[in-house]
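Chain and residue survey
Here's the letter readout for the chains.
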Amino acid sequence: MAKWGMVIDLDTCTGCQACTTACAMENNRLPGENWQDVLFYHEGTYPNVKLMWFPRPCMHCENPSCVSVCPTKATYKDPDGGFVLMDYNKCIGCKYCQVACPYGVRFYVDEKAVVQPDIRGVFPSEAGRQWDPPYKGPQDDPSRGIGIQPHGVVSKCTFCYHKVSKAPKGVADLDEDIPELKEYVPACVRVCAPKARFFGDLDQPNSNVNKMIADKRGVRLKDETGNKPQVYYLSGGATASVPSLRSMSDSDKA
Ligand code: SF4
Ligand code: SF4
């Protein structure tokens, strides 16, 4: 049984946000509902300031805090593949999961449009969904949080379950450079031009993702929470690093 995971090389990532755009298009997300995001921030003190960025998908944790707090079991860990998924039919919109997630990767978009004008007014839905854009992905599976959500539920990244779960059994890595596998690669991984993202089976010792994690000492974000993310970051060089692991300067400690 596969346990899918992602590796993101921070030394290679250019912060272009193609991953964010591809995810939004693949999954019909509303503006601001960024299941995959690139977070920008500054480091240093003026005038010695650097612009930094940090790509951040859902971590699809091994031990996800969003699952244990959900009172209706709408959020669940898929045993075949290790995805953390949502059942829109069971979600009551209490947002416990949103509060429990240490990574801020869950969205409740009913209240207020992040970007104006509200595109839901431009493409209103007559089927009880959030909106009805002219292009929609052909896959729709509310029990796995795939497709445009109804009102009153939380949404989240699915690791492109609708693609990955159809990959041939036993494949160690989903690489967009292998023609027969590229259709199964998550949208954010497939579109990354400098190839900063990799996707594979963490349960197969010989998978490329496992080798990279071992060779380049991959780290997990906020590992101290015990959530055990299935997303690893490589940050060996002098460029971006994982924020929680960065050493604090004397002024920060004061
Ligand atoms: S597409 Fe690749 S290079 Fe661009 S921001 Fe995303 S991870 Fe970084
Ligand atoms: S908002 Fe939905 S998925 Fe989240 S904890 Fe409440 S019922 Fe569960």
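Everything here concerns the structure above.
Residues numbered from 1 in each chain as written. Chains lettered and ligands numbered in written order. Predicted model: local features only at pLDDT ≥ 70, side-chain atom pairs only at ≥ 80, totals over all residues. Heavy atoms only, no water.

For the rest of this paragraph, the subject is the site of ligand 1. Surrounding ligand 1, one finds C13, T14, G15, C16, Q17, A18, C19, V38, C192, P194 and R197. Residues belonging to the shell around ligand 1 are distributed by class as follows: 7 nonpolar, 3 polar and 1 charged. (Near = heavy atom within 4 Å. Nonpolar A, V, L, I, M, F, W, Y, C, P; charged D, E, K, R; others polar.)

Among the secondary structure elements, Q149 is positioned in the loop between α4 (119-122) and β7 (155-156). Classification of Q149 as buried rests on a relative accessible area of 1%. A polar contact of 2.8 Å, which involves the side chain of Q149, links it to the side chain of E33. Not counting residues within four places of it along the chain, the set of residues in contact with Q149 comprises R29, E33, Y88, V109, R129, Q130 and S155. (Helix = DSSP H or I, 4+ residues; strand = E, 2+ residues; numbered from the N terminus. Buried < 20%, exposed > 50% of the residue type's maximum accessible area, 1.4 Å probe, protein only. Polar contact = N/O pair within 3.5 Å; in protein donor to acceptor, adjacent residues only side chain to side chain. Contact = heavy atoms within 4.5 Å.)

Taken residue by residue, helix α1 (residues 18-27) has C19, T20, A22, C23 and N27 as its buried positions. In a view along the axis of α1, the buried residues occupy a sector of 165°, so they form one face of it. Phi turns positive, to about 55°, at N28, one or two residues after α1. (Arc of directions from axis to C-beta.)

Let us look at helix α7 (residues 208-215). Residues three or four positions apart in an α-helix share a direction because the helix packs 3.6 residues into each turn. Taken as a whole, α7 has its buried residues at V209, N210, M212 and I213. Burial along α7 is one-sided: seen end-on, the buried residues are contained in an arc of 165°. Those residues of α7 that are exposed and angled more than 90 degrees off the buried face are A214 and D215. Along its buried surface, α7 packs onto β1 (4-9), β8 (173-174), β9 (197-201) and β10 (231-234). Backbone geometry just after α7 places R217 at a positive phi near 50°.

In total, this model carries 5 aromatic pairs according to the counting rule given. Their ring planes at 80° and their centres at 5.0 Å tell us that F159 and F199 sit as a pair that is edge-to-face. Here F159, found in the loop between β7 and α5 (161-164), pairs with F199, found in strand β9; they are 40 residues apart in sequence, far enough to count as distant. Taking relative accessible area as the criterion, F159 reaches 3% and is therefore assigned buried. Linked through ring pairs, W4, F159 and F199 together constitute an aromatic cluster. (Phe/Tyr/Trp six-rings, centres within 6.5 Å; stacked < 30°, edge-to-face > 60°.)

As paired elements, strand β2 (residues 37-45) and strand β3 (residues 48-56) share 9 bridges and run antiparallel to each other. Residue pairing for β3: Y41 is matched across the bridge by M52. The hairpin formed by β2 and β3 contains 2 residues between the paired strands. (Pairing = 2+ DSSP bridges.)

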